[in-house]
Amino acid sequence: MLLCCMYHHVGADKLSNSLPILEKHFQYIKDNFNVVLPGEPLIEDAVNVCLVFDDASYSFYSYAFPLIKRIGIRVVLAVSTKFIVDSANRVAPHVRLHVAVDEMMLGDTFSKSIPFCSWEELLEISNSGNVKIASHSYSHCNLLQSPDVEAELADSKEILQEKLQKEVDAFVYPYGRFNASIVKHVRKQFKYSFAVGAGDNRSWDGIDGVLFRMYCDDLNDPTSMFSKWNLRKYRVQRYRLFVKKWLMDHAPSVQLAS
Ligand SMILES: [Zn+2]
């Protein structure tokens, strides 16, 4: 069984978990499951879990990253490169942590208040050995509405590889949106790609090349999502993922008038 988990922020106003919940949640995962990064061998008859944080907000660096190192687990961090600045020294940490989630990607907020990790911080994260960096496109656009999907993929991959000096082979679809043509583009440049949906992926091939992730923000309690009943449910829900993938593959691309 391969379960993938999707997280965003820590201690923020939405798409977020509190630090105490996250700590108990991670400790439970570490104690009970096989934590893996994309491509690593899966243990048959065990629950393999891949943890993926989206957007690389400063709350990841500030709260999640120290926790990940202390507990000794490993996660994927998906970065949209447009929003990353070289250094964040000029903005106080409390300012960076208190940008509303809905405002983080608006206008020049990313350079004024620096709510995302800087390249300095990402380099430290990437070199820690606990975090694999993935592409989350260049501008975090809905790829179904992008006039240039190739550039969104290639630019982000190239920038990440140059800045971090590591191969980037995983991609996270912004808003979980894709269709068959977008998946084809993604698979030319990345070995692994992640969308949104609860269920057992079974292997790194997921559902025809796309891995689905469970929503793990706003957890009410740290462990109930892994109850015996829920684990059984995820096995059954694998078949719903095939349906979801088919429906998404056939989603039309809509070019918005500018
Ligand atoms: Zn995102």
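Above this text you will find the structure in question.
Residues numbered from 1 in each chain as written. Predicted model: local features only at pLDDT ≥ 70, side-chain atom pairs only at ≥ 80, totals over all residues. Heavy atoms only, no water.

Brief notes about the packing of aromatic side chains
Applying the stated rule across the entire model yields 17 aromatic pairs. An angle of 35 degrees between the planes, with centres 5.5 Å apart, marks the rings of phenylalanine 83 and phenylalanine 116 as tilted. Remark: phenylalanine 116 occurs in the loop between helix 4 (109–112) and helix 5 (119–127) and phenylalanine 83 occurs in the loop between strand 6 (75–79) and helix 3 (93–97); sequence separation between them is 33 residues. Neither residue differs from the other here; phenylalanine 83 and phenylalanine 116 are each classed as buried. A ring pair is formed by phenylalanine 171 and phenylalanine 190, whose centres lie 5.2 Å apart and whose planes are at 35 degrees; its orientation type is tilted. Separated by 19 residues along the polypeptide, phenylalanine 171 in strand 8 (residues 170–172) and phenylalanine 190 in the loop between helix 7 (180–189) and strand 9 (192–196) bring together distant segments of the chain. The residues phenylalanine 171 and phenylalanine 190 share a single accessibility class, namely buried. Within the aromatic cluster, the residues linked to one another by ring pairs are Tyr7, Phe26, Phe53, Tyr58, Phe60, Tyr61 and Phe65. (Phe/Tyr/Trp six-rings, centres within 6.5 Å; stacked < 30°, edge-to-face > 60°. Helix = DSSP H or I, 4+ residues; strand = E, 2+ residues; numbered from the N terminus. Buried < 20%, exposed > 50% of the residue type's maximum accessible area, 1.4 Å probe, protein only.)

Description of the coordination of the zinc ion
Note on the zinc ion: its protein donors are Asp55 (OD), His136 (NE2) and His140 (NE2). The metal-donor distances range over 2.1 to 2.2 Å. Every donor residue of the zinc ion comes from the same chain, spaced as D-x80-H-x3-H. In this pair, aspartate 55 is assigned in the loop between strand 5 (48–54) and helix 2 (58–71) and histidine 136 in the loop between strand 7 (131–135) and helix 6 (149–164), connecting sequence segments 81 residues apart. For aspartate 55, a relative accessible area of 9% corresponds to the buried category. By relative accessible area, histidine 136 is classed as buried at 1%. (Donors = N, O, S within 2.8 Å, 3.2 Å for Na, K, Ca; no water.)

Things to note about the pairing of strand 10 (residues 211–215)
Taking burial as the measure, the five residues of strand 10 include four buried ones, the bulk of the element. Sheet topology note: the strand 1 (residues 2–7)/strand 10 ladder contains three bridges and is parallel. Of the residues in strand 10, the one forming a bridge with cysteine 4 is arginine 213. (Pairing = 2+ DSSP bridges.)

Remarks on a negative patch on the surface
A grouping of Asp148, Asp155, Glu158 and Glu162 is seen on the molecular surface, where their side chains present a negatively charged patch. One can find aspartate 148 in the loop between strand 7 and helix 6. Under the relative-accessibility criterion, aspartate 148 is labelled partly exposed at 40%. (Patch = residues over 30% accessible without salt bridge, like charges linked within 9 Å, V, L, I, M, F, W, Y side chains within 5 Å. Areas by Shrake-Rupley, 256 points an atom, 1.4 Å probe, with all protein chains shown as cover. Salt bridge = Lys/Arg side-chain N within 4 Å of Asp/Glu carboxyl O. Lys, Arg positive; Asp, Glu negative; His and termini not counted. Charge placed at Lys NZ, Arg CZ, Asp CG, Glu CD.)

Points about the pattern of salt bridges
Evaluated as defined, the whole model comprises eleven salt bridges. A salt bridge links glutamate 150 to lysine 188; its shortest N-O distance comes to 3.5 Å. Taken as a pair, glutamate 150 in helix 6 and lysine 188 in helix 7 lie far apart in primary sequence, 38 residues in all. Glutamate 150 gets classed as partly exposed once you look at its relative accessible area, which sits at 31%.

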